[in-house]
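The primary structure of each chain is shown beneath.
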Amino acid sequence: MIKKIILFILCLLPWFLNNIIPLNYNYYDKIIKPFFAPPKIFYPIAWTITYILIAMTTYTIFQSQKQKDIPNSYKITLFINYLFNQSYTILFFGLKNNFLGFVSCLGTLLSALFLYEESSLLNNKISKLFIPYILLSIFATILSFSIYILNL
């Protein structure tokens, strides 16, 4: 049981690594936002739930398959998605670059779609947990693009 909990935590923790980077998150308050921009409290709640769902999916796939049976395409897609997802905080808040933030959101969305497809080939039932991630990524991409346009 302890081993399973540790493995789940190992699947979950990396998604929160960008939160340890000391950045000025007040940048979001200073930019022009579209009318549909949610309050700041939305983000930690939505992304925490999303990261838990991603970790549940990853954990289940790694538990239900032998390591050698998990295709490299799944592992590479997961890694690419992770890089795009984590890069947003650095690009948007660290560099204060709205365009690169948008590119990161778009990359996250596209790689999340591929990740959903790769996951569904391994475990169709558990891959459904990626749907909220895809929906949140669609919203984030639209919001990020709107922020980019409004702040040109």
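Predicted model only: the values in this text are computed from it and were never measured.

Peer 1: Tell me what's going on with the overall build of the protein, and back it up with residues and numbers.
Peer 2: Along its length, the protein carries seven helices and zero strands. Ordering the α and β elements of the protein from the N terminus gives α-α-α-α-α-α-α. Computed over C-alpha atoms, the radius of gyration of the protein comes to 16 Å, within 12% of the 15 Å expected from 2.2 N^0.38 for 152 residues, which places it in the range of a compact globule. The principal-axis extent of the C-alpha atoms belonging to the protein is close to 50 × 30 × 20 Å. Within the protein, contacts between residues at least 6 apart in sequence are counted, and of these 76% link residues at least 24 apart. When the accessible surface of the protein is summed, it comes to about 8,700 Å², and 74% of that surface belongs to carbon and sulfur atoms. Separation between the mean location of the 11 positive side-chain charges and that of the 4 negative ones in the protein comes to 8 Å.

Peer 1: Tell me about the nonpolar core, residues and numbers included.
Peer 2: Trp15, Tyr28, Tyr74, Phe92 and Tyr133 are the most contacted members of the largest nonpolar core, which has 33 residues in total. Elements with a contribution of two residues or more to this core: α1 (2–12), α2 (27–30), α3 (42–64), α4 (72–94), α5 (98–122) and α7 (131–150). Residues in contact with Trp15, not counting those within four places in the same chain, are Tyr51, Ile54, Leu78, Asn81, Tyr82, Asn85, Gln86 and Tyr133.

Peer 1: Which residues make up a nonpolar patch on the surface, and what are the values?
Peer 2: Together, Ile76, Phe79, Ile80, Leu83, Phe84, Leu95, Phe99, Leu100 and Val103 line one region of the surface with nonpolar side chains, adding up to about 770 Å² of accessible area. Listed by contribution, the elements that provide at least two residues to the nonpolar patch are α4 and α5. Per-element tally for the nonpolar patch: the top contributor is α4, with five residues. With respect to the helices and strands, Leu100 occurs in helix α5.

Peer 1: For the environment of Ile32, give the residues involved together with the corresponding values.
Peer 2: In this fold, Ile32 is placed in the loop between α2 and α3. When the C-alpha positions of Ile32 and Ser146 are compared, they lie 9.3 Å apart, and in sequence the two are 114 residues distant. Excluding anything up to four places from it in sequence, Ile32 contacts Ile147, Leu150 and Asn151.

Peer 1: Which residues make up the packing of aromatic side chains, and what values go with them?
Peer 2: Per the stated rule, a full pass over the model turns up 19 aromatic pairs. Each ring, one from Phe8 and one from Tyr59, has its centre 6.0 Å from the other, and the planes form 80°; the classification is edge-to-face. With Phe8 in helix α1 and Tyr59 in helix α3, this residue pair connects regions lying 51 residues apart in the sequence. Look at Phe8 and you get partly exposed, because its relative accessible area is 23%. Judged by centre distance (5.2 Å) and plane angle (65°), the ring pair of Tyr27 and Phe92 falls under edge-to-face. Taken as a pair, Tyr27 in helix α2 and Phe92 in helix α4 lie far apart in primary sequence, 65 residues in all. A relative accessible area of 1% means that Phe92 is categorised as buried. By the ring-pair criterion, three or more aromatic residues cluster together here, those being Trp15, Phe16, Trp47, Tyr51, Tyr82, Phe130 and Tyr133. The ring of Tyr28 has Lys33 sitting right over it, with the charged end atom 4.8 Å from the ring centre.

Parameters at a glance
Residues numbered from 1 in each chain as written. Predicted model: local features only at pLDDT ≥ 70, side-chain atom pairs only at ≥ 80, totals over all residues. Heavy atoms only, no water. Helix = DSSP H or I, 4+ residues; strand = E, 2+ residues; numbered from the N terminus. Rg over C-alpha atoms; globule rule 2.2 N^0.38 Å. Contact = heavy atoms within 4.5 Å. Areas by Shrake-Rupley, 256 points an atom, 1.4 Å probe, with all protein chains shown as cover. Lys, Arg positive; Asp, Glu negative; His and termini not counted. Charge placed at Lys NZ, Arg CZ, Asp CG, Glu CD. Core = buried A, V, L, I, M, F, W, Y, C linked by side-chain atoms within 4.5 Å. Buried < 20%, exposed > 50% of the residue type's maximum accessible area, 1.4 Å probe, protein only. Patch = residues over 30% accessible without salt bridge, like charges linked within 9 Å, V, L, I, M, F, W, Y side chains within 5 Å. Salt bridge = Lys/Arg side-chain N within 4 Å of Asp/Glu carboxyl O. Phe/Tyr/Trp six-rings, centres within 6.5 Å; stacked < 30°, edge-to-face > 60°. Lys NZ or Arg CZ within 6 Å of the ring centre and 35° of its normal.

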